[in-house]
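Residues per chain are reported as follows:
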There are 2 protein chains.
Amino acid sequence: MNDDLMIKMVLDTWYAKVKDADRLFDKLTDEQLQNEVAPGRNRGIYLLGHMVAVHDRMLPLLDLEERSFTELDEAFISNPDKAFEITISATELKQNWKDVNAKLASHFNKMQSAEWFTKHKAVSEEDFVKELHRNKLNVIINRTNHLSGHLGQLIFLDNAKP
Amino acid sequence: MNDDLMIKMVLDTWYAKVKDADRLFDKLTDEQLQNEVAPGRNRGIYLLGHMVAVHDRMLPLLDLEERSFTELDEAFISNPDKAFEITISATELKQNWKDVNAKLASHFNKMQSAEWFTKHKAVSEEDFVKELHRNKLNVIINRTNHLSGHLGQLIFLDNAKP
């Protein structure tokens, strides 16, 4: 009975975190994004590319549309930072970040409530019958926390932030 | 109609992140927790105390019981790190962390589904009528993301982690 309310709660949190990231990426220069978030840790540009790729993967995972940025996987998903040369610029990745989230939002706006409780593509029909929580809305809950974790790291690139 | 499922999804994510933090705190020595998570940023012990205090505040916020650790607020909520002397040990804070989460879990286990959709204590009856999403379950969604953000920072104290 609270389905619409729950969907709103989950999506509100998603959009709030995406907005926090937007603001941070708008503020950080491409040079700042070349820095490691902490000594010996991932560079900002790696985390940015990683998040674009992870959000891009949500498009097929949620059965919305084909991916836009599969070419990012090798540098930003399959390999850790510095193991593979990053050839794309931070400016381009920032644009990709906006594009992929806009694409997701446009689909989310059109989704019916019941659809959120259907299975995502990484779970089989067989398993889903026994594990109904492995639905599309749960993907949003998990990816919001994934975003929060990396945001907590990326803010270290912002020197103005205590 | 999906209320129980939604509650499970939200609580599963909460418990998973609490467990991630438990594992990390078990692994980090008190000496490691004295280090800053990144140069010039919060020390591990500050973030640990901060999270204990924030979770402790959930007890009255969710109308469960009185707080256990109000004395932590001055050092870990009202003041930034290094502005106020931390007199409590990391060992004691680690125990508080376990205690407060066990206390929350014990209450969560007893809560009826409908109760999760009632208002938390920081919203007025008047506002809640117009903003039904400001309920107890939403507090869990928000606090899970708060925890994820700080966990993303605290793992930098674990030298074994790439």
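Residues numbered from 1 in each chain as written. Chains lettered and ligands numbered in written order. Predicted model: local features only at pLDDT ≥ 70, side-chain atom pairs only at ≥ 80, totals over all residues. Heavy atoms only, no water.

1. Quick notes on the confidence of the model for chain A
- Residues at a pLDDT of 70 or more form 98% of chain A, whose mean pLDDT is 96.
- Prediction confidence for the complex, expressed as pTM and ipTM, is 0.97 and 0.96 respectively. (pLDDT = per-residue confidence, 0-100.)

2. A short note on the relation of the copies chain B and chain A
- Structural alignment of chain B on chain A gives an RMSD of 0.0 Å, achieved by rotating through 180 degrees and translating 0.0 Å along the axis. Both copies are brought into coincidence by an operation consistent with a two-fold rotation axis. Rotation axis and chain B: the residue whose C-alpha lies nearest the axis is G149 of chain B, separated from it by 2.1 Å.
- Comparing interface residues between copies, 100% of those in chain B also sit at the interface in chain A, which points to an isologous, same-surface contact. (Least-squares fit on C-alpha atoms with pLDDT ≥ 70 in both. Contact = heavy atoms within 4.5 Å.)

3. Quick notes on the packing of aromatic side chains
Residue and element names in this part refer to chain A.
- Using the criterion set out here, one finds nine aromatic pairs over all chains in the structure.
- With centroids separated by 5.6 Å and ring planes inclined at 80 degrees, the aromatic side chains of F25 and W97 adopt a geometry described as edge-to-face. Here F25 is found in helix 1 (residues 3–27), whereas its partner W97 is found in helix 5 (residues 90–110), with 72 residues between them in sequence. The pair F25 / W97 is uniform in exposure class, with both members buried.
- Here the aromatic cluster, defined as three or more aromatic residues joined through ring pairs, consists of W14, F108 and W116. (Phe/Tyr/Trp six-rings, centres within 6.5 Å; stacked < 30°, edge-to-face > 60°. Helix = DSSP H or I, 4+ residues; strand = E, 2+ residues; numbered from the N terminus. Buried < 20%, exposed > 50% of the residue type's maximum accessible area, 1.4 Å probe, protein only.)

4. Points about helix 3 (residues 44–61) of chain A
Residue and element names in this part refer to chain A.
- End to end, helix 3 covers 25 Å across 18 residues, agreeing with the expected 26 Å (1.5 Å per residue, within 8%).
- Burial analysis of helix 3 places 16 of its 18 residues in the buried class, the great majority of the element.
- D63 occupies a position one or two residues after helix 3 and carries a positive phi of about 60 degrees. (Expected span 1.5 Å × (residues − 1).)

5. Topic: the nonpolar core
- Formed by 102 residues in total, the largest nonpolar core has its most connected members in F108 of chain A together with F108 of chain B.
- If near-sequence neighbours (up to four positions away) are discounted, F108 of chain A is found in contact with L11, W14, Y15, L62, L64, W116 and I140 of chain A. (Core = buried A, V, L, I, M, F, W, Y, C linked by side-chain atoms within 4.5 Å.)

6. A look at the pattern of salt bridges
All names here are of chain A.
- Summed over the entire model, instances satisfying the criterion amount to 28 salt bridges over all chains.
- Note that D12 and K8 form a salt bridge whose closest N and O atoms lie 2.9 Å from each other. Taken together, the residues D12 and K8, both in helix 1 and four residues apart, mark about one turn of the helix.
- For K8, a relative accessible area of 36% gives the class partly exposed. (Salt bridge = Lys/Arg side-chain N within 4 Å of Asp/Glu carboxyl O.)

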